[in-house]
Amino acid sequence: GLQGLPAPIVGAMAENASLFLSYSQIQTVVRRTTGVSAQEELPLSQLAIAAAGAGAVTSFFLYATCFSLILQCSDHSTRHCSTPIELVKCKMQVQMLLPPTVNAASVNISSTAAGVLTPADLTLQKLPGPISVLKNVIKTTGLKGLWLGQTGTIIRETGGGIAWFCSKEAVARLLLTRHPTNADGSKRELATWESAVSGACAGVMYNFALFPADTVKSAVQTEAELRPRAPGEPYPSFVATARAMYKAQGLKGLYAGCGITVAR
């Protein structure tokens, strides 16, 4: 059903909070370094620096948050705690794709002999919560397993942050040129619909610009569930996975699902 729903929600809240806070703080540092006052607009090149820094900080925040949450949450409180990290989210989303196990206690001997299993012979396992998934990652791969897919995450967040904030600011400034200045010479604010348009453009650019990095990241993070390997056999790296996906499907494969994501 809706089990695990809080994980993406809390993750999005934490991600956006860290992203906008970092973006604001880095802008302050840039202004102090360049001598630009708070009343002046930063050029897009300097906003890009702030956006890239904010994205990088957010990519690490998504992983760092898990340490405090796993220490605070015990097994009996799994349903009430969730961890806002990409790794757990992706693993939880592919769990329902895994095949059900055979329930040996209820197998119909005659149907099994005929090579046919009935629905009663199959057992749907209860899906673990986010903390259970997180603990399993640490148990099987150690703490380093929490950083699986970090390459894709930092590429997506850093480049996507630049695309997001710079496109929003560029469209907003373009729309402001349509406005006459106030009597005191100050610029008028954007209308509600203009703010919505600039925000929508930002969302489109954020997802479209670095979507292949997110596609490869998700593939890396769900490799263990969808393509199990022998014990000790290493999984492919981010670069190797990207090359394999491009070889198999081309650029179209790396942008699979981009349309609906952009619409969202």
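Residues numbered from 1 in each chain as written. Predicted model: local features only at pLDDT ≥ 70, side-chain atom pairs only at ≥ 80, totals over all residues. Heavy atoms only, no water.

## Section: the confidence of the model for the protein
Per-residue confidence for the protein averages 77 on the pLDDT scale, and 73% of its residues sit at or above 70. At the low end of the mean pLDDT range in the protein sits helix 4 (residues 109–113), at 44; at the high end sits helix 7 (residues 192–209), at 94. Taken together, the stretch residues 67–84 has pLDDT below 50 and engages in 35 contacts with residues farther than four places along the chain or on a different chain. Considering only residues more than four positions removed or in separate chains, one finds that residues 102–114, a stretch of pLDDT under 50, has 16 contacts. (pLDDT = per-residue confidence, 0-100. Helix = DSSP H or I, 4+ residues; strand = E, 2+ residues; numbered from the N terminus. Contact = heavy atoms within 4.5 Å.)

## Some points on helix 5 (residues 130–141)
Residues lying three or four places apart along an α-helix face the same way, a consequence of the helix completing one turn every 3.6 residues. In a regular helix each residue adds 1.5 Å, so 12 residues correspond to 16 Å; helix 5 covers 16 Å between its end C-alpha atoms and thus fits that length. All of the buried residues in helix 5 are Pro130, Ile131, Val133, Leu134 and Val137. The buried residues of helix 5 occupy an angular sector of 160° when the element is viewed end-on, so they sit on one face. Exposed and oriented more than 90 degrees from the buried face of helix 5 are Lys139 and Thr140. (Expected span 1.5 Å × (residues − 1). Buried < 20%, exposed > 50% of the residue type's maximum accessible area, 1.4 Å probe, protein only. Arc of directions from axis to C-beta.)

## Considering the nonpolar core
In a soluble, globular protein the nonpolar side chains are often hidden away together inside. Ranked by size, the top nonpolar core spans 13 residues in total, and within it Leu19, Tyr23, Leu42, Trp164 and Phe165 carry the most contacts. When contributions to this core are tallied by element, the ones reaching two or more residues are helix 1 (6–34), helix 2 (44–72), helix 6 (150–176) and helix 7. Sort the elements by how many residues they give to this core and helix 2 lands first, with 4 residues. Residues within four places of phenylalanine 165 in sequence aside, it is in contact with Leu19, Phe20, Tyr23 and Ala51. (Core = buried A, V, L, I, M, F, W, Y, C linked by side-chain atoms within 4.5 Å.)

## Examining the pattern of salt bridges
Applying the stated criterion across every chain yields a total of 6 salt bridges. Across the pair lysine 217 and aspartate 214 runs a salt bridge whose closest N-O atoms are separated by 3.9 Å. Taken together, the residues span about one helical turn, with lysine 217 and aspartate 214 both in helix 8 (residues 211–221) at a distance of 3 residues. With relative accessibility at 19%, the residue aspartate 214 sits in the buried group. (Salt bridge = Lys/Arg side-chain N within 4 Å of Asp/Glu carboxyl O.)

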